[in-house]
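These are the residues of each chain, in order.
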Amino acid sequence: VRFGLPVAGPGRRAAAWMIDAAIRAAIAGVVILCAVIGGLATKGATQGIVLLILFVLEWGYYLFCETLFAGSSPGKRALGLRVIKEGGFPITLLDSFLRNLLRAADFLPFGFALGVIAMTIDGRCRRLGDLVAGTLVVVEERARVGQPLAFHFSPEELETLPRRPPVSADELEAIELFLRRTGTLSLAREAELAQMLAPRLAARMGLPDDKSARLLALIYARVRGTGAVAKP
Amino acid sequence: MIAQDQFVAARRAEWEELERLLGKGKRLHALPPSEISRAAALYRALCADLMRARAARYAHELTTYLDGLASRAHNALYVAPPPRWDVALALFTRDFPRTLRRRARLLLVAALLFLAPGLFGFVGALRSAEFAARVLPEATLVELDKAYAKGFDEGRDAGSDGAMFGFYVWNNVGIAFRCFATGILFGLGSVFFLLYNGLVIGTVLGAVMRAGHGRNILTFIVGHAPFELTAIVIAGAAGLQLGLALIDTGGRTRLGSLRAQAREIGVLVAGAAAMLAVAAVVEGFWSPSSVPAPIKWAVAAGNALAVALYLGGAGRAREPRS
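Residues numbered from 1 in each chain as written. Chains lettered and ligands numbered in written order. Predicted model: local features only at pLDDT ≥ 70, side-chain atom pairs only at ≥ 80, totals over all residues. Heavy atoms only, no water.

I'm lost on helix α10 (residues 187–205) of chain A in this one. Help?
Since one α-helical turn is 3.6 residues long, residues separated by three or four positions face the same way. Residues and elements named next belong to chain A. The end-to-end C-alpha distance of α10, which contains 19 residues, comes to 25 Å, matching closely the 27 Å that a straight helix rising 1.5 Å per residue would cover. A maximum bend of about 45 degrees is found in α10 at Gln195, where proline Pro199 lies one to four positions downstream. Among the residues of α10, Glu190, Leu193, Ala194, Leu197, Ala198, Leu201, Ala202 and Met205 are the ones counted as buried. Looking one or two residues past α10, Gly206 carries a phi angle of roughly 65 degrees, positive in sign. (Helix = DSSP H or I, 4+ residues; strand = E, 2+ residues; numbered from the N terminus. Expected span 1.5 Å × (residues − 1). Bend = angle between axes of the 7 residues up to and from the residue. Buried < 20%, exposed > 50% of the residue type's maximum accessible area, 1.4 Å probe, protein only.)

Set out below in structure tokens:
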């Protein structure tokens, strides 16, 4: 089965990075605070441990998270991002190692400038590290199925349309998007939008074009087969 | 073709069940077996639904939803095999030295890029104090003079050993990683870091020897140098390979060439990182200890031999002939 995996853009990834950066800074802050409070007796050794932890935070944080949480660090998870291999497979330890080492190159000369340039040029928004490791950052969408659109048309009214109205799939999609928004639009705006499509469809089917919005709903109902049974 | 809303009404319960299974917070394989196989069955049904919705050209909103759910289910069901210890071990005992021997020419180039400016800095600093002052900041030179004037006959207290160990890991491994990563700029970053580090290390050595503390500094560095300097050169070589993969693509696209060598490069850097970790232990705890100098020299010779044997010989048995 083919299913689309929308790649994540720079903005979303930057937001995820900021969350991760905040987490790392918080951990580092706590560690340093503990060291300052508790480490006065063994001053040198504590410094060593602090530096080790800082090293792990700088170079190992993403490696650790991406391996442990199947490709998403806490920041990525918060924004619904996940790192995957180009074929849609999960990433391996070595992939994560490579892509996160190359963070140092993507960061150059400052603030991930090179990475953003690479993402802009690349069709799939990959930074240098992704290019080398063969990984992608994708958005895991959590869309909802909306409630089915409910119409109250009588069978006679539906019969005024051809059994299979001559509407293209794109037009139908436009109609659906329009119908789902009708509750949030002012009446004037609704009429204005409906006017963009309805007259053409009306002309095609030889129907009068007086109530544009209603006509669109009618066409939609006819095609989708809902509302075929009239409400009493 | 059935109407979209009938389709949704008929299938919705299963989608929501799958969603519940995925949203349990636990990773899927931690769930009871019955639920895992249920999730797998639901996923397959979902795939069929997705195809059907696409073919019937149902509303965009619906296909987006099914798409998202399918990809989440796919990611939950097909997780990477957990890292295996024997594979990780083989990376160091076999893959790393083998890869390095295959890339011996690149290693040689990296070594030259590192040693030539090192020698230049060493000779320059040895001959004139002005030279060292131009390469290194004044404060560093004063620090160096203080650090090596005393020698290590009394050792260092354990606390500062620990501090320095942490510092070496943080600083040296970081340098090696950057030296590698910047190789993506057609190798230029690695070339720069190799030249620069070579020059600085050579100059430091020359300046301290000029000040008359040659015995102290040499006794200090010989212990860990076999690990540390070799590892920096290896990281540089990996960076050069990265850059070279972009230039000499061997008939592939640049990206394809990079991809084909990515594993080798990753193995090299992982090996270099491990060597640097060893170097940091030696540099932090052994090199500054009060052990008499002759013993340190003997151990240093042993270390150098060990590194040479490891890189030259490990994994030779059953090595595939190429």
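Is there a simple way to think about the pattern of salt bridges in this case?
Side chains that differ in sign of charge can pair as their charged atoms come close. Residue and element names in this part refer to chain A. As enumerated under the stated definition, the model contains 21 salt bridges over all chains in all. One salt bridge in this structure joins Glu192 and Arg189, with 3.3 Å as the shortest N-O distance. With Glu192 and Arg189 both in helix α10, this residue pair falls three residues apart, about one helical turn. The network of salt bridges with shared partners includes Arg13, Glu66, Lys76, Arg99 and Asp130. (Salt bridge = Lys/Arg side-chain N within 4 Å of Asp/Glu carboxyl O.)

Please explain helix α6 (residues 113–121) of chain A as it appears in this structure.
Residues and elements named next belong to chain A. Along α6, the residues classified as buried are Gly115, Ala118 and Met119. Buried residues of α6 fall within an arc of 100 degrees about the axis and therefore sit on the same side. With respect to the buried face of α6, the exposed residues turned more than 90 degrees away are Thr120 and Ile121. Close packing links the buried residues of α6 with α1 (10–38), α5 (103–107) and α7 (128–133). (Arc of directions from axis to C-beta. Contact = heavy atoms within 4.5 Å.)

It is not clear to me how the packing of helix α1 (residues 4–22) of chain B against helix α3 (residues 60–77) of chain B should be interpreted in this structure. Could you clarify?
Two quantities define a packed helix pair, namely the angle between the helix axes and the distance between the axes. Residues and elements named next belong to chain B. Closest axis-to-axis distance for the α1/α3 pair is 11 Å, and the angle between their directions is 30 degrees. One element, α1, and the other, α3, form an angle in the roughly parallel class. The two elements α1 and α3 cross, and the hand of that crossing is left-handed. Facing α1, whose interface residues are Gln4, Phe7, Val8, Trp15, Leu18, Glu19 and Leu22, α3 presents Leu62, Tyr65, Leu66, Leu69, Arg72, Ala73 and Ala76. (Axes fitted to C-alpha atoms, helices over the stretch in contact; angles between N-to-C directions. Parallel < 35°, antiparallel > 145°, perpendicular 65-115°, else oblique. Left-handed = near helix turned anticlockwise from the far one by under 90°.)

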